[in-house]
Amino acid sequence: MGAWIFLFLSLLTCAGLRPSFSDPNDEACLTHLSQSIQDPAKSLHNWTKSTFSNPCNGFTSYLQGATCNNGRIYKLSLTNLSLRGSISPFLANCTNLQALDLSSNFLTGSIPSDLQSLVNLAVLNLSSNRLDGSIPPQLTLCAYLNVIDLHDNLLTGQIPQQLGLLVRLSAFDVSNNHLSGPIPSSLSNRSGNLPKFNASSFLGNKDLYGYPLPPLKTKGLSVLAIVGIGLGSGFASLVLSFTGVCIWLKITERKMVLEEGKISQLMPDY
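Parameters at a glance
- Residues numbered from 1 in each chain as written.
- Predicted model: local features only at pLDDT ≥ 70, side-chain atom pairs only at ≥ 80, totals over all residues.
- Heavy atoms only, no water.
- Pairing = 2+ DSSP bridges.
- Helix = DSSP H or I, 4+ residues; strand = E, 2+ residues; numbered from the N terminus.
- Axes fitted to C-alpha atoms, helices over the stretch in contact; angles between N-to-C directions.
- Disulfide = S-S within 2.5 Å.
- Buried < 20%, exposed > 50% of the residue type's maximum accessible area, 1.4 Å probe, protein only.
- Phe/Tyr/Trp six-rings, centres within 6.5 Å; stacked < 30°, edge-to-face > 60°.
- Core = buried A, V, L, I, M, F, W, Y, C linked by side-chain atoms within 4.5 Å.
- Contact = heavy atoms within 4.5 Å.

1. Thoughts on the sheet that holds strand E9 (residues 123-125)
Next up, step 1: With mixed pairing, the 6 strands of this open sheet are ordered in space as E4-E5-E7-E9-E11-E13. Of all strands in the sheet, those with a lone pairing partner are strand E4 (66-69) and strand E13 (171-173), marking the two edges. Across the sheet, the mean angle separating the axes of adjacent strands is 15° when strand polarity is ignored.
Next up, step 2: Pairing between strand E11 (residues 147-149) and E13: 3 bridges, direction parallel. Paired with Val147 across the bridge in E13 is Ala171.

Below is the structure:
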């Protein structure tokens, strides 16, 4: 029986056909991803339903931007393709995915928390898009993450404290977003062999503060302004008080002169 199967596969290969051993999870992942994005530049011309049903043959990929490993999609790199739309939560079906790079496109919407199911994910690069909403703390469940790059988006809210638990994390960039609140100490003051991320990882978030960012200059200026106003008010009060005393002394002196003149006129001459 085994010999007949081998002969059948050999005939398929000679005929230029691909034996179908697709993973249904990968097929669902790719199908929903293609439905959630638009490709105005027609860069993904071979992203078709027939290819989704059998995207890999061992280590060979039949999809642009996809890399295969043992018949499964393990890397998706769709960078700088002018893609629009949103990130499908069904990406979580590509359970063998180790690298996801959708950077430098025009993707909108939020980062799906469903990505927590990508337990083998090591690289997540969603930078230079128009993603909004918060950073899902569920990414902590992707324990193998080495790289999280989310710079140049429209993300809001605070940086989840839980991300500091990712002990393999060696590159982290959330610069140029709309994040707020304190930088988690678990990311800025890592100890032992864990890398510490410098200020460039957090710059460009107006309401984000804490080490390793420099102190907010606006707060320092406010304090100086308050002190300056206080000193200015005190000085003005002192000048007014001094002027008032001078005027009072001048008036008193003139009154005394007039009184002395009246007295000298009333006194008889001897």
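2. Here's the deal with the sheet that holds strand E8 (residues 106-109)
Next up, step 1: Overall, mixed pairing links the 7 strands, which are arranged E1-E6-E8-E10-E12-E14-E15 in an open sheet. Unpaired on one side and paired on the other, strand E1 (37-38) and strand E15 (207-209) mark the two borders of the sheet.
Next up, step 2: Sheet topology places E8 next to strand E10 (residues 130-133); 2 bridges connect them, and they run parallel. Bridge pairing in E10 places Thr108 opposite Arg130.

3. Details of the state of the cysteines
Next up, step 1: If you walk through the whole model with that rule in mind, you get 2 disulfides.
Next up, step 2: One disulfide in the model links Cys29 with Cys94; its S-S distance is 2.1 Å. Disulfide Cys29-Cys94: the torsion about the S-S bond is -105°, which places it as left-handed. You can see Cys29 sitting in helix H2 (residues 24-36) and its partner Cys94 sitting in the loop between strand E6 (84-86) and strand E7 (99-101), a full 65 residues away along the chain. Here Cys29 matches Cys94 in class, with each residue buried.
Next up, step 3: One disulfide bridge connects Cys56 with Cys68, the sulfur atoms lying 1.9 Å from each other. Around the S-S axis, the bridge from Cys56 to Cys68 shows a dihedral of about -75° and counts as left-handed. Pair noted here: Cys56 is in strand E2 (residues 56-57) and Cys68 is in strand E4, with a separation of 12 residues, a long-range link.
Next up, step 4: Take the cysteines of the protein that form disulfides and number them in order along the sequence; they join up as 1-4, 2-3.

4. Here's the deal with the packing of aromatic side chains
Next up, step 1: Summed over all chains, the structure comprises 3 aromatic pairs.
Next up, step 2: Relative to Phe197, the ring of Phe172 lies with its centre 5.7 Å away and its plane at 45°, an arrangement referred to as tilted. Pair noted here: Phe172 is in strand E13 and Phe197 is in the loop between helix H4 (185-188) and E15, with a separation of 25 residues, a long-range link.
Next up, step 3: Residue Phe172 is classed as buried on the basis of its relative accessible area, which comes to 4%.
Next up, step 4: A residue is classified by how much of its surface remains accessible, and Phe197, at 6% relative accessible area, is buried.
Next up, step 5: Judged by centre distance (6.1 Å) and plane angle (50°), the ring pair of Phe172 and Phe202 falls under tilted. With Phe172 in strand E13 and Phe202 in the loop between H4 and E15, the pair connects residues that are 30 residues apart, well separated along the chain.

5. With respect to the pairing of strand E14 (residues 178-182)
Next up, step 1: Here 2 bridges tie strand E12 (residues 154-157) to E14, and the two strands are oriented parallel to one another. Note on E14: the bridge partner recorded for Gly157 is Leu179.

6. Here we look at the nonpolar core
Soluble globular proteins: nonpolar side chains tend toward being buried together.
Next up, step 1: Trp47, Leu76, Leu91, Ile159, Leu163, Phe172 and Phe202 are the most contacted members of the largest nonpolar core, which totals 51 residues.
Next up, step 2: Excluding residues within four positions of it along the chain, Trp47 makes contact with Leu30, Leu33, Ser34, Phe52, Leu63, Gln64, Leu76 and Leu78.

7. Thoughts on the pairing of E10
Next up, step 1: The sheet contact formed by E10 and E12 spans 2 bridges and is parallel. Bridged to Gly133 within E12 is Leu155.

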